[in-house]
Amino acid sequence: MSDSNWTLRFPRTTRCDGHAIYYYRQPLLKRFFYGCIRHGWLLVPVVLAVIVLAGCVDMASEENTAASLRDAVAQARSESWAISQK
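1. Observations concerning the overall build of the protein
Okay, so step 1: A tally of regular secondary structure across the protein gives 4 helices and 0 strands.
Okay, so step 2: In the protein, buried positions account for 0% of the 86 residues.
Okay, so step 3: Summed over its atoms, the accessible surface of the protein is roughly 8,500 Å², and 66% of this surface lies on carbon and sulfur atoms.

Structure (structure tokens):
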């Protein structure tokens, strides 16, 4: 085995002077925030879809509120007309 080239099989295990090379991993919190920065743009369409769809769910309630306001305005006009006729 003296003729084999071990650096082709294990390219990152040792340096030329025999010291081991270790792969440094960033702390988990730092990797999380870097991942959010790198891939955070993927969340933008999801958040926009949630906002749009959540706003559309409450349309019936808005129609009921508008109808009750129209009734209140009509009642107030009829009362003010009745008072002005006296």
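2. Some remarks on the packing of aromatic side chains
Okay, so step 1: For the structure shown, the criterion picks out 1 aromatic pair.
Okay, so step 2: Ring centres of phenylalanine 32 and phenylalanine 33 lie 5.4 Å apart, and the angle between their planes is 65°; this geometry places the pair in the edge-to-face category.
Okay, so step 3: Judged by relative accessible area, which is 45%, phenylalanine 33 ranks as partly exposed.

3. A word on the confidence of the model for the protein
Okay, so step 1: Averaged over every residue, the pLDDT of the protein is 77; residues scoring 70 or more account for 67%.
Okay, so step 2: Taking the mean pLDDT of every element in the protein, the minimum, 56, falls on helix α1 (residues 6–9) and the maximum, 89, on helix α2 (residues 28–39).

4. Brief notes about a nonpolar patch on the surface
Okay, so step 1: Together, Leu43, Val44, Val47, Leu48 and Ile51 line one region of the surface with nonpolar side chains, adding up to about 480 Å² of accessible area.
Okay, so step 2: Examined against the element boundaries, leucine 43 turns out to sit in helix α3 (residues 43–57).

Cut-offs applied
- As a convention, each chain's residues are numbered from 1 in the sequence order in which they are written.
- A pLDDT threshold of at least 70 governs which residues receive local features in this predicted model, and a stricter bar of 80 or more applies before side-chain atom pairs are shown or counted, although totals over entire chains, interfaces and linings include all residues.
- Each side-chain value is worked out from all heavy atoms of the structure, with water and hydrogens disregarded.
- Working definition: helices are DSSP H or I runs of at least four residues, strands are E runs of at least two. Numbering for both runs from the N terminus.
- In this scheme, a residue with accessible area under 20% of its type's maximum is buried, one over 50% is exposed, and one in between is partly exposed, where area comes from a 1.4 Å probe on protein chains only.
- Throughout, the Shrake-Rupley method with a 1.4 Å probe supplies accessible areas, and for residues the shown protein chains are the sole cover considered.
- Note on aromatic pairs: the rings of Phe, Tyr and Trp (six-membered ring only in Trp) are paired at centre separations within 6.5 Å, and the planes decide the class, stacked below 30 degrees, edge-to-face beyond 60, tilted for the rest.
- The predictor reports its confidence for every residue as pLDDT, a score running from 0 up to 100.
- A patch is a set of surface residues, each over 30% in relative accessible area and not in a salt bridge, joined within 9 Å for like charges and within 5 Å for the nonpolar side chains Val, Leu, Ile, Met, Phe, Trp and Tyr.
- When a carboxyl oxygen of Asp or Glu is within 4 Å of a side-chain nitrogen of Lys or Arg, the pair counts as a salt bridge.

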